[in-house]
Amino acid sequence: MKKIIVLIIVTILLSSCSLFGKKSDDDVTKAKEELLWEQVVSNSDDIMSENTETWELDETNEEIDIDTNEPTTNVTALTSWEPLIEIEDLSDKDFYSGEFYINGKVLWNVDRIEVNFSNESSKYPTDLYKLKQYKPWDTRFKYLASSNFKTMDFWLNEYIFTAYSWETTYKIKIEINIPEKEIKNSQNPVDAISDTEILGLNDVKNLKISNNDNVSEITCESQKLTDYLVENYGFSYWNSCRDIVKWKSIWFYVLRLDWDDYYYEKHYIDYEKKTYWILLLETWTWVTKESIKLKNYELKDVSFDETLKTDKLFKN
């Protein structure tokens, strides 16, 4: 009986193959093609998926090369209420120039602005300075951070700006970190090298020293000296340009305006060493473009004891 059943099943299968053999072959071929295509597509998707994952991994693990030897800045509001002032962008400042301005905007009625400076790694003392050039009706203000005035040094400099408006105050803290490095071949005569690094002149107050390959262009010839000062300082006067050693070195005095402040300085140039010294003698307010000429005549007749030591050191 079992044999009969098996024979019947085999006969049916053979009949099916005979009746539908061609269609079955077509179906198989088509199925194989579809299966092959699905496999190709599936493999492509897997490849793309793998590549995408690899790209994401590369982007995630990408190491960003940050130069830790470059200056960094950070501005933080220390007061939570409506701001009275704001600090402008600092990214364009040359922090190795020896001095730079921190500029700001006044957003409300501000009577006065004070700046507290500190640098824990510096020998410079903390300093509290009221912005003398700022007036209550001004819409902008600026503060000079300067190694010459001992309000800027290497490493972390902290400035806290406090704005006063009636009984209200508003504070902003600015942190400027300047990693110490050697400064050479400065092209700008007013670009300073720290006085702690040059010739041991640590104890000479208000002396700024720089290197300049173009000092030979600065001479006592009246028009040349005037042109140089106007180009580098704006509104300024000079007096008493003299040779220290003929063809080798000179000195001269400069009176220049910076907003409502004036600065009276003695400048020294050594052509052979290509060095430029600037000694600040006096700074104050209440000199204008109209009165600066008379002030220059007045200061020309004043003797400053500070120059005695600097004159001697420069000749050496």
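Look up: the structure comes first, before these words.
The present account deals with the structure reproduced in this document.

### Brief notes about the sheet that holds strand β9 (residues 207–211)
Within a sheet, neighbouring strands are paired by backbone hydrogen bonds and run either parallel or antiparallel to one another.
Reasoning step 1: Spatial strand order, β9-β13-β12-β11-β10: five strands in an open sheet with antiparallel pairing. What marks the edges here is a single partner per strand, and that holds for β9 and β10 (236–245). Taking the axes of each pair of neighbouring strands and ignoring which way they run, one obtains an average angle of 20° across the sheet.
Reasoning step 2: Taken together, the ten bridges between strand β11 (residues 249–258) and strand β12 (residues 261–270) define a ladder with antiparallel strand orientation. Its bridge partner lying in β12, tyrosine 253 is registered against lysine 266.
Reasoning step 3: Across the face of the sheet, helix α2 (residues 222–233) comes into contact with β10, β11, β12 and β13 (275–285) while running at roughly 125° to β10.

### Regarding the environment of lysine 293
Reasoning step 1: Mapped onto the fold, lysine 293 is located in helix α3 (residues 292–300).
Reasoning step 2: Residues lysine 293 and tryptophan 238, spaced 55 residues apart in sequence, show a C-alpha to C-alpha distance of 9.5 Å.

### Regarding α2
Reasoning step 1: Taking 1.5 Å as the rise per residue, α2 with twelve residues should run 16 Å; its terminal C-alpha atoms sit 16 Å apart, in good agreement.
Reasoning step 2: Considered for burial, the residues of α2 that qualify are Leu225, Tyr228, Leu229 and Tyr233. An end-on view of α2 places all buried positions within 95° of arc, on one side of the element.
Reasoning step 3: Of the residues trailing α2, glycine 234 is marked for its positive phi of about 80°.

Reading the values: the criteria
Residues numbered from 1 in each chain as written. Predicted model: local features only at pLDDT ≥ 70, side-chain atom pairs only at ≥ 80, totals over all residues. Heavy atoms only, no water. Pairing = 2+ DSSP bridges. Helix = DSSP H or I, 4+ residues; strand = E, 2+ residues; numbered from the N terminus. Axes fitted to C-alpha atoms, helices over the stretch in contact; angles between N-to-C directions. Contact = heavy atoms within 4.5 Å. Expected span 1.5 Å × (residues − 1). Buried < 20%, exposed > 50% of the residue type's maximum accessible area, 1.4 Å probe, protein only. Arc of directions from axis to C-beta.

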